[in-house]
Amino acid sequence: MSQETRGRLTTRTMAMPADTNPSGDIFGGWVLSQMDIAAGICASQRAQQRVVTVSLEGMSFIRPVKVGDILGVYTEVIEVGKTSMRIHVEAWVRRGQIGLREKVTEAVFKFVALDAEGYPTPVPAKSSLPDYAMEEFTV
Ligand SMILES: CC(C)(COP(=O)(O)OP(=O)(O)OC[C@H]1O[C@@H](n2cnc3c(N)ncnc32)[C@H](O)[C@@H]1OP(=O)(O)O)[C@@H](O)C(=O)NCCC(=O)NCCS
C-alpha cells in the first residue's frame, strides 16, 4: 500500500488498552472520535470560529488499530460552502514504535461554522484569513 498521506498531520495519540473492543482490537468509535477531533481543529482553523460536525460521508475502516499503535490523523479542507466545510480525514498508524506507516481509516466530515448564538454563519473567504491561520488551505 502507498505510504502517501493526504493533508496535514493534525493530531497524534497512542491507542491504549482502555479503548479496546471485546476482541482486543481498538474500538471503532474511539478511532472515529479521534478523526472528529482532528477534523474539528482543521475546520475551526479555516473558519476562525466555533464549528460543529453536521455529517460524515464514506467512513472506511481499512485496517485494525492495535493497543500501542501511534495514531496520526491527517486533515485537508476540500470544499467550502456558505457556512459549511468538507474536511477529508485519514488516520494512519505506526506500529511497534518504529514500524511502517499504515492507513487505517478514511472519511469526509462536514462541519458548520456557528456564531456566538449558535446559528450557522458564513465561512470567511480564504483571502481574508489572518496569516497565522493560513497554513496550507487550498480552498
Ligand atoms: C449544524 C446545524 C446548526 C445546522 O442547522 P440548519 O438549520 O440545518 O442550518 P442550515 O439549513 O442553514 O444549513 C447550514 C449548512 O449546513 C449544511 N447542512 C445542514 N444539514 C446538513 C446535513 N444533514 N448534511 C449535510 N449538510 C447539512 C447546509 O447545506 C448548509 O451548508 P452551506 O451553508 O454551506 O450551504 C444543526 O443541524 C445542528 O445544530 N446540528 C447538530 C450539530 C451537533 O451537535 N454536532 C455534534 C454531534 S454530537
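Residues numbered from 1 in each chain as written. Predicted model: local features only at pLDDT ≥ 70, side-chain atom pairs only at ≥ 80, totals over all residues.

Draft legend 1. Local environment of the site of the ligand. All residues adjacent to the ligand are Val52, Thr53, Val54, Ser55, Gly81, Lys82, Thr83, Ser84, Lys110, Val112 and Pro120. For the shell around the ligand, the secondary-structure elements that each account for two or more residues are strand 2 (51–61) and strand 5 (101–113). It is strand 2 that contributes the most residues to the shell around the ligand, four residues altogether. Split into classes, the residues belonging to the shell around the ligand amount to four nonpolar, five polar and two charged. (Near = placed C-beta within 6 Å. Helix = DSSP H or I, 4+ residues; strand = E, 2+ residues; numbered from the N terminus. Nonpolar A, V, L, I, M, F, W, Y, C, P; charged D, E, K, R; others polar.)

Draft legend 2. Focus on the nonpolar core. Among the nonpolar cores identified, the biggest contains 28 residues, and Ala39, Ala43, Met85, Ile87 and Phe111 are the most heavily contacted of them. Taken together, the elements giving at least two residues each to this core come down to helix 1 (28–47), strand 3 (70–80), strand 4 (84–94) and strand 5. The element best represented in this core is helix 1, accounting for seven residues. Those residues in contact with Ala39, other than ones at most four positions away along the chain, are Thr75, Ile87, Val89, Phe109 and Phe111. (Core = buried A, V, L, I, M, F, W, Y, C linked by C-beta atoms within 7 Å. Buried ≥ 20, exposed ≤ 12 C-beta atoms within 10 Å, placed from the backbone. Contact = placed C-beta atoms within 7 Å.)

Draft legend 3. Structural context of the pairing of strand 4. Along strand 4, eight of the 11 residues are buried, which leaves the element largely enclosed by surrounding structure. Direction of pairing for strand 3 relative to strand 4: antiparallel, over a ladder of 10 bridges. Looking at the pairing, Glu79 lines up with Arg86 of strand 4. Joining the antiparallel neighbours strand 3 and strand 4 is a turn of three residues. Across 11 bridges, strand 4 lies against strand 5 in antiparallel orientation. The partner of Trp92 across the bridge, within strand 5, is Lys103. (Pairing = 2+ DSSP bridges.)

Draft legend 4. Up close: the sheet that holds strand 3. Pairing within the open sheet is antiparallel, and its five strands lie in the order 1-3-4-5-2. Looking at strand neighbours, the two that pair on one side only are strand 1 (8–14) and strand 2, the edges of this open sheet. Shown here is a sheet whose adjacent strand axes are inclined to one another by a mean of 25°, direction ignored. Packing against the sheet, helix 1 makes contact with strand 1, strand 2, strand 3, strand 4 and strand 5, and its axis sits at approximately 135° to strand 4. (Axes fitted to C-alpha atoms, helices over the stretch in contact; angles between N-to-C directions.)

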